[in-house]
Amino acid sequence: MGFMTRLAARSARRKNNTRVVYFAHGFHFWNGAPKINWLLFYPIEKIGAHLTDVLVTMNTEDFERAKKHIHAKQVLYTYGIGVDLTKFHPKQGVREKKRAELGVDDNTFMLYSTSELNDRKNLTLAVDIVSILKEKGYNVHFFDRGVGENEELLKQYAKEKNISDSFTLLGYGKDVDEMCLAADAFLFTSKQEGLPVAVMEAMSSRLPCVVSKIRGVTDLVKDGKGGFVCSIDNANEYCEKIIYLIENNNDDFKNKLTESNNEVLKPYSFDNVAEFILKLAETV
């Protein structure tokens with residue numbers, strides 16, 4: 001749609017000097033993407049660049065690639081679409097109340113994710129991770145807020161792995177902030193992202209994040225800063241990091257691990273992103 005809109009704007013650009021600004025939330029080609037993505041979408045973006053006055057990217061990989069290879073008239077970087085950082089700050093009593101509502105006791109290590117139930121979000125890997133942790137004797141429970149076409153597939157897979165009682169799909173809900181505050185770690189297994197708001201929300205909650213080593217995510221989380229990054233589809237690597245969190249599940253460790261989150265997230269705030277967009281609108 002981004003390409004078709006720019007194509008439709010050709011006449012307005014030519015006749016009225018209309019300026020076209022394109023916000024790329026994440027190119028469909030990235031390091032490690034399937035070859036078909038490169039064969040199809042990369043040429044489209046190369047052509048689309050000639051119809052673009054300002055190309056705005058939202059992660060460092062896309063920004064560097066756009067500068068070197070896409071060749072729009074101007075390439076800019078913005079910190080996502082903005083996130084309300086105040087909503088997810090820790091609040092007294094929320095953790096205890098939410099865990100009681102979910103039936104999670106103090107001895108259970110609660111993993112949480114905000115993910116659509118589709119192939120891209122890769123929650124079958126989350127099933128494998130929980131299964132391995134349970135086999136190793138760890139008392140864990142995974143919850144997800146999200147909907148999607150893979151719901152029944154995931155439930156069946158969890159049943160096959162004998163972890164149905166430790167793998168809960170909650171569906172849609174407006175309590176993401178409470179879930180983040182109730183959890184012990186945020187598990188993010190996605191295969192592809194532009195810049196994931198869900199990870200930023202978890203970080204804002206000072207929730208340790210165990211995430212996939214992919215574009216956009218690595219702009220936010222580094223090993224030992226905000227949490228840990230893991231190779232895609234390497235369930236054992238995820239488990240190693242989660243076990244490390246379980247064995248160091250105390251406030252001092254968590255505070256040290258997430259102490260840099262506020263500084264990392266500051267540029268991604270609604271106010272900062274809104275200021276960027278307003279300045280862009282005034283100068284384009």
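Above this note sits the structure.
Overview of the structure. No experiment lies behind these values; they were computed from the predicted model shown.

Rules of the game
- Residues numbered from 1 in each chain as written.
- Predicted model: local features only at pLDDT ≥ 70, side-chain atom pairs only at ≥ 80, totals over all residues.
- Heavy atoms only, no water.
- Buried < 20%, exposed > 50% of the residue type's maximum accessible area, 1.4 Å probe, protein only.
- Helix = DSSP H or I, 4+ residues; strand = E, 2+ residues; numbered from the N terminus.
- 1 Å grid on protein atoms, 1.4 Å probe; cavity = no way out; pocket = protein on both sides within 12 Å on 5 of 7 lines; lining within 4 Å.
- Points joined across faces, edges and corners; volume = space filled by probe spheres on them.
- Nonpolar A, V, L, I, M, F, W, Y, C, P; charged D, E, K, R; others polar.
- Expected span 1.5 Å × (residues − 1).
- Bend = angle between axes of the 7 residues up to and from the residue.
- Axes fitted to C-alpha atoms, helices over the stretch in contact; angles between N-to-C directions.
- Parallel < 35°, antiparallel > 145°, perpendicular 65-115°, else oblique.
- Left-handed = near helix turned anticlockwise from the far one by under 90°.
- Contact = heavy atoms within 4.5 Å.
- Pairing = 2+ DSSP bridges.

**A short note on unusual backbone geometry**
Phi is positive for Asn122, close to 65 degrees, though the residue is something other than glycine. Take Asn122: its relative accessible area is 5%, and that puts it in the buried class. Even without a glycine there, the phi angle at Asp233 is positive, about 70 degrees. Examined against the element boundaries, Asp233 turns out to sit in the loop between β10 (226-230) and α10 (235-247).

**Remarks on the layout of surface pockets**
As a volume, the largest pocket reaches approximately 760 Å³. Around the largest pocket, the lining is made up of 41 residues, and of these His25, Arg120, Glu193, Gly194 and Leu195 lie nearest the centre. Going through the elements one at a time, α1 (2-8), β1 (21-24), α3 (35-49), α8 (176-182) and α9 (197-204) are the ones with two or more residues in the lining of the largest pocket. Tallied by class, the residues present in the lining of the largest pocket amount to 19 nonpolar, 10 polar and 12 charged. A volume near 450 Å³ is recorded for the second largest pocket. If you trace the second largest pocket, you find 20 residues lining it, with Pro90, Arg95, Leu181, Asp251 and Lys254 closest to the centre.

**Focus on α3**
Taking 1.5 Å per residue as the helical rise, α3 with its 15 residues ought to reach 21 Å, and the 21 Å between its terminal C-alpha atoms agrees with that figure. Of all the bends in α3, the largest measures some 25 degrees and sits at Phe41, one to four residues before the proline Pro43. Every buried residue belonging to α3 is among Asn37, Glu45, Gly48 and Ala49, and all of these are buried.

**Observations regarding the packing of helix α6 (residues 123-135) against α10**
Direction vectors running N to C along α6 and α10 enclose 55 degrees, while the axes themselves pass 9 Å from each other. On the basis of the axis angle, α6 is oblique to α10. For the pair α6 and α10, the sense of crossing is right-handed. On α10, the residues touching Leu125, Asp128, Ile129, Ile132 and Leu133 of α6 are Ala235, Asn236, Tyr238, Cys239, Ile242 and Ile243.

**Re the sheet that holds strand β5 (residues 140-145)**
One open sheet accounts for 7 strands, arranged β6-β5-β4-β7-β8-β10-β9; its pairing is parallel. The two strands at the open ends of the sheet, each matched to only one other strand, are β6 (167-171) and β9 (222-223).

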